[in-house]
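Tertiary structure, described
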Amino acid sequence: YEIYLRGMTGEVPRLPTDMSRLEELTERRLGPGPVGYVAGSAGNGSTARANRAALDRRRIVPRVLRDVHERDLSAEVLGRTLSAPLALAPVGVLSIMHPEAETAAALAAAAQGVPFVLSSASSTPMEQVAEAMGDAERWFQLYWAKDREVTRSFLERARACGFAVLVVTLDTPLLAWRPRDLDQAYLPFLRGVGTANYFTDPAFLSGLARPVHEDLDAAVLRFVDLFADPGKTWPDLAFLREHWDGPIVLKGVLHPDDARAAADAGMDGVVVSNHGGRQVAGAIAAADALPGVAAAVGDRLSVLFDSGVRTGDDVFKALALGARAVLLGRPYVYGLGLDGRAGVEHVIRCVLAEFDLTLALSGHAAPATVSAADLVEDAR
Ligand code: FNR
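Residues numbered from 1 in each chain as written. Predicted model: local features only at pLDDT ≥ 70, side-chain atom pairs only at ≥ 80, totals over all residues.

1. Brief notes about the overall build of the chain
Applicable threshold: Starting at the N terminus, helices and strands are each numbered in turn, a helix being any DSSP run of H or I of at least four residues and a strand any DSSP run of E of at least two. Note on method: radius of gyration uses C-alpha positions; expected globular size equals 2.2 Å times residues raised to 0.38. Buried means a residue has 20 or more other C-beta atoms within 10 Å of its own C-beta, exposed means 12 or fewer, and partly exposed covers the counts in between; C-beta atoms are placed from the backbone. The contact criterion used here is simple: two residues whose C-beta atoms, placed from the backbone, lie within 7 Å are in contact.
Looking only at helices and strands, one finds 15 helices and 12 strands in the chain. A globule of 380 residues ought to have a C-alpha radius of gyration of about 21 Å, and the chain, at 20 Å, matches this closely. Considering only C-alpha atoms, the chain reaches an extent of 70 × 50 × 40 Å along its principal axes. Evaluated residue by residue, the chain yields a buried proportion of 48% over its 380 residues. The long-range share in the chain, meaning contacts at least 24 apart out of those at least 6 apart in sequence, stands at 72%.

Now the structure itself:
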């Protein structure tokens, strides 16, 4: 109601409350290069479009005359209680969008009480983000290096910095064919790359002949070599389990058998995700994969979801399809590009407010009671 009340005095929000307008506004402000990095998808973009279509095809069937006066948005995920079933997804090199990059996004998440998932490929060292966040809930996303010393070093740093959950991204052992990235020159956007998370890692640096600022090309090549590792298999997870004593979540799981393998390997959760359509062109829509994974492991693992979430009703639909919580990706990145920390806070607040209203207007007082019975599917 805050926005409506302010509207009575003629005040309108600085940024739109319609999340679908953010991309276009960001492009107008920052130009096509930075937005190409964020909006770009694999191949011709069909997976990203399918992500949206799969959510749009599901329709909520609201119930009436249920007491929804008192609502509690909190959600149980990975043995912890989140204030809402939402976290910010890991997104690399946020300096492309705003000079305050990951720190601004992390502070926005902290202020709104949602976990921030810091990418391995962040443009800010994890120590700096952690210090800015104080005690606020943070998770660390691992791009799992070929070199065990580098992996061990990242895990040690993350633990020392108070990251509570390890999110291991498995859908990027190779970077996919992304035309919008391939068709443009990148270096102008890589502001401050020399101080990025991995370029400040002692184990990473020990493998370089010369300091990063003297030979950036060699540093980038080492990064690409280390973080592209298509040779890993399920038994390799034992190494991570051995070196991380908190919850581990595997991100990028789409097949129920892979979800079962994750549970068998002693993992704590999965993120059903196709990386926002940025990896396998033509892949199954994440929302279409979600019910199968939830049915296979929902009683053994925390099932999280991302890829295509734009609004509060998308969050509701993901819960109804079997997720415990969702990760918000591109919308907050556009919020960052438009107005730094305040822009990210605006996006989180809009999504949460809309989720709260959708929940209530559909007849629910808490996320836990949302189920498959709340949705129907349009005929294709
Ligand atoms: C990502 N994503 C991602 N995932 C990850 O595990 N580590 C990373 O560093 C990144 N980097 C990244 C950069 C950009 C620009 C985007 C858009 C995405 C994937 C991200 O965590 C999430 O899976 C998707 O953003 C979800 O799709 P939507 O909802 O943003 O379309």
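2. Quick look at unusual backbone geometry
Despite not being glycine, V93 shows a phi value in the positive range, around 40 degrees. As for its position among the elements, V93 is in the loop between strand 4 (86-88) and helix 5 (101-112). We classify V93 as buried; it has 23 C-beta atoms within 10 Å. Despite not being glycine, H275 shows a phi value in the positive range, around 60 degrees. Position of H275 among the secondary structure elements: in the loop between strand 9 (269-272) and helix 13 (286-297). Here H275 falls in the buried class, since 25 other C-beta atoms lie within 10 Å of it.

3. Regarding helix 4 (residues 46-57)
Defined as follows: Multiplying one less than the number of residues by 1.5 Å gives the expected span of a helix. Note: the arc covers the axis-to-C-beta directions of the helix.
Helix length check: helix 4, at 12 residues, gives a terminal C-alpha distance of 16 Å against a target of 16 Å (1.5 Å per residue), a fit within 8%. By the burial criterion, the buried members of helix 4 are T47, A48, A50, N51, A54 and L55. Taken end-on, helix 4 shows its buried residues confined to a sector of 160 degrees, consistent with a single buried face. Residues of helix 4 that are buried in the fold lie against strand 1 (58-60), helix 13 and helix 14 (312-320).

4. Structural notes on the pairing of strand 7 (residues 165-169)
Quick reminder of the rule: Should DSSP find at least two bridges between two strands, the strands are regarded as paired. For a crossover, the right-handed case is the one in which the path from the first strand over the helix to the second runs clockwise, viewed with the strands pointing away from the viewer.
For strand 7, the tally of buried residues reaches 5 of 5 residues, placing the bulk of the element in the interior. Burial along strand 7 is two-sided: the residues V165, V167 and T169 and L166 and V168 are all buried. Sheet topology places strand 6 (residues 138-142) next to strand 7; 4 bridges connect them, and they run parallel. Looking across to strand 7, one finds that L142 is bridged to V168. At this point the chain moves from strand 6, through helix 7 (residues 148-160), to the parallel strand 7, and the crossover so formed is right-handed.

5. Some words on the site of the ligand
Stated formally: Working rule for contacts: place C-beta from the backbone, and if it is within 6 Å of a molecule or strand, that residue counts as near it. Under the scheme applied here, ten amino acids are nonpolar (Ala, Val, Leu, Ile, Met, Phe, Trp, Tyr, Cys and Pro), four are charged (Asp, Glu, Lys and Arg), and all others, including Gly, are polar.
Not every one of the 20 residues close to the ligand is listed here, only the nearest: G92, S119, T169, G276 and G329. Of the residues assigned to the shell around the ligand, the class counts are 7 nonpolar, 10 polar and 3 charged.

6. Side note on the packing of helix 5 against helix 15 (residues 330-361)
Worth spelling out the cut-off: Fitted lines through C-alpha atoms serve as axes, helices being fitted only where they are in contact, and the angles separating the N-to-C directions of these axes extend from 0 to 180 degrees. These descriptions rest on fixed angle ranges, namely under 35 degrees for roughly parallel, over 145 for roughly antiparallel, 65 to 115 for roughly perpendicular, and the rest for oblique.
Where helix 5 meets helix 15, the axes come as close as 8 Å, and the angle between the chain directions of the two elements is 10 degrees. Here helix 15 runs roughly parallel to helix 5, going by the angle between their axes. Residue-level inspection shows A104, A105, L107, A108, A109, A111 and Q112 of helix 5 in contact with helix 15, the latter providing Y332, L336, G340, R341, V344, E345, I348 and R349. Among the residues forming the contact of helix 5 with helix 15, the class breakdown is 10 nonpolar, 2 polar and 3 charged.

7. Re the pairing of strand 6
Counting buried positions over the 5 residues of strand 6 gives 5, a clear majority of the element. Alternating positions in strand 6 separate into two faces, R138, F140 and L142 on one and W139 and Q141 on the other, with burial throughout. As paired strands, strand 5 (residues 116-118) and strand 6 are joined by 3 bridges and run parallel to one another. Looking across to strand 6, one finds that L118 is bridged to F140. In this region the chain leaves strand 5, passes through helix 6 (residues 126-133) and returns to the parallel neighbour strand 6; the handedness of that crossover is right-handed.

8. Observations regarding the packing of helix 2 (residues 22-30) against helix 3 (residues 32-39)
Each pair of packed helices can be described by the angle between their axes along with the distance between the axes. Interhelical geometry of helix 2 versus helix 3 gives an angle of 145 degrees and a closest axis separation of 7 Å. Where helix 2 approaches helix 3, its residues E23, T26, E27 and L30 are matched on the opposing element by P32, P34, V35 and A39.

9. Re the environment of A218
Here A218 lies in helix 10 (residues 216-227). Not counting the four nearest positions on each side in its chain, A218 is found in contact with L208, A209 and R210.

10. Here's the deal with the confidence of the model for the chain
A low pLDDT means the predicted coordinates there should not be read in detail. Heads up, the rule is: On a range of 0 to 100, pLDDT expresses the predictor's confidence in each residue.
When the pLDDT values of the chain are averaged, the result is 94; 97% of them are 70 or greater. Across the chain, element-level confidence peaks in strand 4 with a mean pLDDT of 99 and bottoms out in helix 8 (residues 179-182) with 77. Scored as a complex, the prediction yields pTM 0.97 and ipTM 1.00.

11. Let's talk about the environment of D306
As for its position among the elements, D306 is in the loop between strand 10 (302-305) and helix 14. Expressed as a C-alpha distance, the spacing of D306 and P32, which sit 274 residues apart in the sequence, is 24 Å. Among residues more than four places away in sequence, those in contact with D306 are A89, V271, S273, A286, V326, L327 and G329.

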